[in-house]
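Chain and residue survey
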Amino acid sequence: MTTMAVPEASSATRTPARPAAKRRPTRLILHLAVVALMVIWAIPTIGLLVSSFRPEAALSTSGWWHAFAPPYQFTMANYRNVLNQAGIGQAFVNSLFIAIPATVIPLFVAAFAAYAFSWMEFPGRDVLFVVVVGLLVVPLQTTLIPILKLFADWNITGTFLAVWLAHTGYGLPFAVYLLRNFMGSLPKSVFESAFMDGATHVTAFFRLAVPMSVPAFAALAIFQFLFVWNDLLVALIYIGLSNSDNLPMTATMANLVNSLGGGWYFLGAAAFVSMLLPLVVFFGLQRYFVRGIVGGAVKG
Amino acid sequence: MESQLVTAVEVVLGVPAVLIAYIWLTERLLTPASERWRRRARPWLWIAPALAFLGFFLIYPTIRTVIRSLQGKSELTPKFVGLDNYKWFFTNDDALGSLLNNVLWLLFFTGFTVGLGLLVAVLVDRVRYEAVAKSIIFLPLAISMVAAGVIWKYMYDYKPPGARQTGTLNALLGTVGVGPIGWLQSPGFRLSTLALIAVMVWMWTGFAMVIISAALKGIPLELLEAARVDGANEWQVFRKVTLPMLGPTLAVVSTTMIITSLKTFDIVYTLTNGNYDTDVIANLMIKEMFTVGDFGRASAVAVVLLLAIVPIMAFNIRKFRAQESLR
């Protein structure tokens, strides 16, 4: 389905991605700039990574870079404490059960809406779209109490269903916005010729719009997964108040810090444990960000 | 556990199946209708699932918030007080101070995330280690807010002059002989607000980069090559071809970043809790809600936040109209 041929991009002469200008000084500056940005961005995280292997006493008296000078004080104690925390395994499974459906559902719901917003004409389309995107600004906190009351009436507080629905609702404005923008900027000629050939909207959606929007879907999946994976507030309110067995890992981590009385030095270890999966997802989806996928071609 | 797994699998496979079946079914049901009616009804049927979710989770609570903002403090017997809550907001020094901070957030956070995101996306597009570079820039977004707070406590840590500095930044400054700076305790020039903005820029540049990069990959190579063949240098190709093609995407990213800056809450809450002149509107709302217990004022603050977005949305729709006529 990703190999849908699109007339525009079918020209046979694809040149490699390297720019023509290959003068040495320019390349050097380019590499220096990229490496500098990488270093600046990595330092805070490296600091935390090193700190997560240091004993509590060392953390409060010296900076993390002192770990590389004698006496070398490294310990696995922080990680042991995090991984031995009661219920951490169940919490990890809960996080997965929450995050995967809460990523898949809004993606599908948003895709149909985004297609309608970009390729169908109807009165009030622009106004409705502005309202949908405007909803991005609604602070999550103002919605919690009214929704919680309704969830309690329906007896679904404490269930995964409650957070799946909630994350879908909260994630939709951005999902529709991003997908509509991407689908809307696809070449009009492709769609027009498809409709000319008698294609229905259903065909155009599944055979053109979806395959051509793969990078946007991948980006969206990553973000939605991350937001749900790192969410604490929604889980605490809709699950935690009535059924703590279903709480995700973020809640277990927060408890760990609280119950050990300012155990903030565990947080480094906890952060790395909970970061692993999102990074795997990012690496896994990164191959969809290659040049040319919009044209249905593979990177040359 | 077993049953949970079954439910999760059912949902992951079932929801898309149900949605596809729904679209298929509506097409079937529309078949006997006239073409005119089909054209009219179809968009609404496609949007309906999204509207149902939005209506329930966002529009309904928003309407309740607007009504609540016109009522007084008492939760049990709310009385209508007209615009009193808004009058409080626009005459209160703390509230106006947090409004000013949000303006700083809007300018600097949006400017730096979009600017750096664009820069990184364009630069790494030309090197072989693109995947590694992008992963490093993206990494902070995968860190939860609480963990990010801890990371930057290490970075910004301040010890009095003379003492051994444990914060990375102050230790670095020490090596070039500059005295330690209380990054998070300096109301002057709103330095602490800028320090908080830096944390969020560090976290969100990866977000801008991923979206801009996805759009960058969508620009047909033929177009860039054609410009180069015509003798344009790399800068001209960027200015005249790449940038205009990225226009709609940059608008989306900027809008998302502006909204993120208006809603900024977590990082302020974890690092300074609004002290040292760093308070922002969303934190003010939480304070009014849970510390003061005045849901009327808290709702009014939320409505101010909502209204601030109107000009941005107006700009967006003009952008979309222009794009419509171009494609």
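Predicted model only: the values in this text are computed from it and were never measured. (Residues numbered from 1 in each chain as written. Chains lettered and ligands numbered in written order. Predicted model: local features only at pLDDT ≥ 70, side-chain atom pairs only at ≥ 80, totals over all residues.)

Focus on the overall build of chain B
Condition: Helix and strand definitions here come from DSSP, where helices need a minimum of 4 consecutive H or I residues and strands a minimum of 2 consecutive E residues; each element is numbered from the N-terminal end. C-alpha atoms define the radius of gyration in this analysis, and the globule rule sets the expected value at 2.2 Å times the number of residues to the power 0.38. The exposure scheme places C-beta atoms from the backbone and then counts, for each residue, the other C-beta atoms within 10 Å of its own, assigning buried at 20 or more, exposed at 12 or fewer, and partly exposed in between. By the convention adopted here, residues make contact when the C-beta atoms placed from their backbones lie within 7 Å.
On a plain count of helices and strands, chain B comes out with 14 helices and zero strands. Each helix (α) and strand (β) of chain B, taken in turn from the N terminus, gives the series α-α-α-α-α-α-α-α-α-α-α-α-α-α. On C-alpha atoms alone, chain B measures out to a radius of gyration of 25 Å, which is more than a quarter above the 20 Å that the 2.2 N^0.38 rule sets for 327 residues. For chain B, the spread of C-alpha atoms along the principal axes amounts to about 80 × 70 × 50 Å. Residues counted as buried form 43% of the 327 residues belonging to chain B. If you take every contact in chain B between residues at least 6 apart in sequence, the share linking residues at least 24 apart comes to 65%.

A closer look at the overall build of chain A
Assigned secondary structure in chain A consists of 13 helices and zero strands. Secondary structure elements of chain A occur, N-terminal to C-terminal, as α-α-α-α-α-α-α-α-α-α-α-α-α. Of all intrachain contacts in chain A linking residues separated by at least 6 positions in sequence, the fraction that spans at least 24 positions is 75%.

A short note on the packing of helix H12 (residues 281-292) of chain B against helix H13 (residues 295-308) of chain B
Residues and elements named next belong to chain B. Note the cut-off: Inter-axis angles, ranging from 0 to 180 degrees, are taken between N-to-C directions of lines fitted to C-alpha atoms, where helices are fitted over the stretch in contact. Each angle receives one of four descriptions, namely roughly parallel if under 35 degrees, roughly antiparallel if over 145, roughly perpendicular if within 65 to 115, and oblique otherwise. Put simply, a crossing is left-handed when the front helix is turned counterclockwise from the back one by less than a right angle, and right-handed when it is turned clockwise. Basically, the charged four are Asp, Glu, Lys and Arg, the nonpolar ten are Ala, Val, Leu, Ile, Met, Phe, Trp, Tyr, Cys and Pro, and anything else, Gly included, counts as polar.
The contact between H12 and H13 brings their axes to 7 Å, and the two run at 165 degrees. Relative to H13, H12 is oriented roughly antiparallel. Our pair here, H12 against H13, has a crossing hand that is left-handed. Between H12 and H13, the contacting residues are Ile 281, Leu 284, Met 285, Glu 288 and Met 289 on the first element and Phe 295, Arg 297, Ala 298, Val 301, Ala 302, Val 304 and Leu 305 on the second. Classifying every residue of the contact of H12 with H13 by side-chain character gives ten nonpolar, no polar and two charged.

Some words on the interface of chain A and chain B
Between chain A and chain B, the contact holds 95 residues from the first and 89 residues from the second. By residue number, the principal contributor to the side of chain A that touches chain B is helix H1 (residues 24-51) of chain A, which donates 14 residues. Partitioned by chemical class, the residues of the side of chain A that touches chain B number 67 nonpolar, 24 polar and four charged.

Description of the nonpolar core
Heads up, the rule is: The term nonpolar core means buried Ala, Val, Leu, Ile, Met, Phe, Trp, Tyr and Cys residues held together as one set by C-beta atoms within 7 Å.
The biggest cluster of nonpolar side chains holds 169 residues, and the ones touching the most others in it are Ala 113, Val 163 and Leu 179 of chain A. Considering each element in turn, this core owes the most residues, 18 residues, to helix H8 (residues 191-216) of chain B. Ignoring anything within four residues of it in the chain, the contact list for Ala 113 of chain A reads Val 176 of chain A together with Trp 46, Ile 47 and Ala 50 of chain B.

Digging into helix H9 (residues 201-212) of chain A
In plain terms, the rule: When we speak of the arc, we mean the arc of directions from the helix axis to the C-beta atoms.
Along H9 of chain A, the residues that are buried comprise His 201, Phe 205, Leu 208, Ala 209 and Met 212 of chain A. Projected down its long axis, H9 of chain A shows its buried positions confined to an angular sector of 130 degrees, all on one face.

Some words on unusual backbone geometry
Not every positive phi belongs to a glycine, and Asn 155 of chain A is a case in point at roughly 65 degrees. Secondary-structure assignment places Asn 155 of chain A in the loop between helix H6 (140-154) and helix H7 (160-184). Asn 155 of chain A gets classed as exposed once you count the C-beta atoms within 10 Å, which come to 10. Unusually for a residue other than glycine, Asp 277 of chain B sits at a positive phi of about 60 degrees. Position of Asp 277 of chain B relative to the elements: it lies in the loop between helix H11 (266-271) and H12. Exposure remark for Asp 277 of chain B: the 19 C-beta atoms within 10 Å place this residue in the partly exposed category.

Observations concerning H12 of chain B
Counting along an α-helix, one turn takes 3.6 residues, and residues three or four places apart therefore face a common direction. For H12 of chain B, the full list of buried residues reads Ile 281, Ala 282, Asn 283, Leu 284, Met 285, Lys 287, Glu 288 and Met 289 of chain B. Each element contacted by the buried residues of H12 of chain B is listed here: H6 of chain A together with helix H4 (93-124), helix H10 (234-263), H11 and H13 of chain B. Following H12 of chain B by one or two positions, Gly 293 of chain B adopts a phi angle in the positive range, close to 75 degrees.

Let's talk about the packing of H4 of chain B against H10 of chain B
Residues and elements named next belong to chain B. Relative to each other, H4 and H10 sit at 140 degrees, their axes nearing to 9 Å. Of the two possible hands of crossing, H4 and H10 adopt the one that is right-handed. Here Asn 102, Trp 105, Leu 106, Phe 109, Thr 110, Thr 113, Val 114, Gly 117 and Val 122 of H4 lie close against H10, whose contacting residues are Phe 238, Leu 250, Val 253, Ser 254, Met 257, Ile 258, Ser 261 and Leu 262. The residue makeup of the contact of H4 with H10, split by class, is eleven nonpolar, six polar and no charged.

Some points on the confidence of the model for chain A
We apply this condition: Residue-level confidence of the predictor is summarised by pLDDT, bounded by 0 at the bottom and 100 at the top.
Mean pLDDT over chain A stands at 79; residues scoring 70 or higher make up 85%. Segment residues 1-18 of chain A is flagged for pLDDT under 50; beyond a separation of four residues in sequence, or across chains, it makes 29 contacts in the model.

Structural notes on the environment of Val 132 of chain B
Residue and element names in this part refer to chain B. Here Val 132 is to be found in helix H5 (residues 130-138). Residue classification places Val 132 among the partly exposed residues on the basis of 13 C-beta atoms within 10 Å. Separated by 24 residues in sequence, Val 132 and Phe 108 place their C-alpha atoms 27 Å apart.

A short note on the environment of Ile 145 of chain A
Tracing the backbone through its elements, the reader meets Ile 145 of chain A in helix H6. Once the C-alpha coordinates of Ile 145 of chain A and Phe 282 of chain A are considered, the two residues, 137 residues apart in sequence, prove to be 33 Å apart.

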